[in-house]
Amino acid sequence: MKKKIVVAVTGASGSIYAKLLLDKLQQLQGQIAEVAVVMSDNAKQVWEFELDDTTHGNYPFKTYAKNDFMAPFASGSARFDTMVVVPCSMGTLGRIASGVSDDLITRAADVILKERRRLILVARDTPLNLIHIRNMQTVTEAGAIICPAIPSYYSKPKTIEELAMTVVNRIIDLIGLENESYRWEGI
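Just so it is clear, the model here is predicted, and its values are computed rather than measured.

Undergrad: Honestly, the pairing of strand E4 (residues 82-88) in this entry has me stumped. Any pointers?
TA: Looking along a regular strand, one sees the side chains alternate between the two faces of the sheet. A large share of E4 lies buried, amounting to seven of its seven residues. The side-chain alternation of E4 yields two buried faces, one formed by Thr82, Val84, Val86 and Cys88 and the other by Met83, Val85 and Pro87. Looking at chain direction, strand E1 (residues 3-9) and E4 are connected through four bridges and run parallel. When the bridges of E4 are listed, Ile5 appears paired with Thr82. Pairing of E4 with strand E5 (residues 118-123), which is carried by five bridges, proceeds in the parallel orientation. When the bridges of E5 are listed, Val85 appears paired with Leu121.

Undergrad: How should the packing of aromatic side chains be read in this particular structure?
TA: We describe a pair of aromatic rings using the distance from one ring centre to the other and the angle between the two ring planes. All chains considered together, the criterion is met by six aromatic pairs. Centroid distance Phe73 to Phe80: 5.6 Å. Interplanar angle 75 degrees. Geometry classified as edge-to-face. Judged by relative accessible area, Phe80 falls into the buried class, the value being 3%. Summarising the aromatic geometry, the rings of Tyr154 and Tyr182 are spaced 5.7 Å apart at their centres and angled 40 degrees between planes, so their arrangement reads as tilted. Of this pair, Tyr154 sits in the loop between strand E6 (145-146) and helix H6 (160-175) while Tyr182 sits in the segment after H6, placing them 28 residues apart in sequence.

Undergrad: What am I meant to see in the nonpolar core here?
TA: One recurring pattern in soluble globular proteins: nonpolar side chains tend to sit buried together. Counting residues in each nonpolar core, the largest one holds 33 residues, and the members touching the most others are Val7, Leu21, Leu25, Val86 and Ile171. If you list the elements that add at least two residues to this core, you get E1, helix H1 (15-27), strand E2 (32-39), helix H2 (41-51), E4, E5 and H6. With residues near it in sequence (within four places) discarded, Val86 still touches Val7, Ala8, Val9, Thr10, Tyr17, Ala18, Leu21, Val122 and Ile171. Ranked by size, the runner-up nonpolar core spans 28 residues in total, among them Tyr64, Met83, Val85 and Ala108.

Here is what the cut-offs are and how they apply
- Residues numbered from 1 in each chain as written.
- Predicted model: local features only at pLDDT ≥ 70, side-chain atom pairs only at ≥ 80, totals over all residues.
- Heavy atoms only, no water.
- Buried < 20%, exposed > 50% of the residue type's maximum accessible area, 1.4 Å probe, protein only.
- Helix = DSSP H or I, 4+ residues; strand = E, 2+ residues; numbered from the N terminus.
- Pairing = 2+ DSSP bridges.
- Phe/Tyr/Trp six-rings, centres within 6.5 Å; stacked < 30°, edge-to-face > 60°.
- Core = buried A, V, L, I, M, F, W, Y, C linked by side-chain atoms within 4.5 Å.
- Contact = heavy atoms within 4.5 Å.

As structure tokens, then:
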């Protein structure tokens, strides 16, 4: 069965992860029924600053405004399978953990959790304070998956993009899509 996926991009540093995920989802469209994208205002600014481009609006996916509560994934009846918040700011994580649905990102996350579907939060901050850790515990106990944007090195990445892809490939695995990527075989 093809997946229906929401990708939410917040204003945390790490726009490369969102860009590479959207690029990869384009490549895997045969496994996907629908991708919906929502970005915070800060996410667009950070994307443009970090990546020196404005391509965030050029993907072939339906994009929704951050306050568009009429978006289909604002309701459980739309049956989206998975939501990925990438990168996930600690502010967004805190609002999700507290059940505060003050924009489309947090409303959609609340819907995904209440419907017992897959919510993947790609946390991108360091160091963590105790509030962050407790919020991660709260959302994990509610059913979310914390996937920190911590790259792996055993594939010996040569570029920043290859390094960031180690995180994106983990996200793709967590979504449940088939993907050709480096697999640890041991030494």
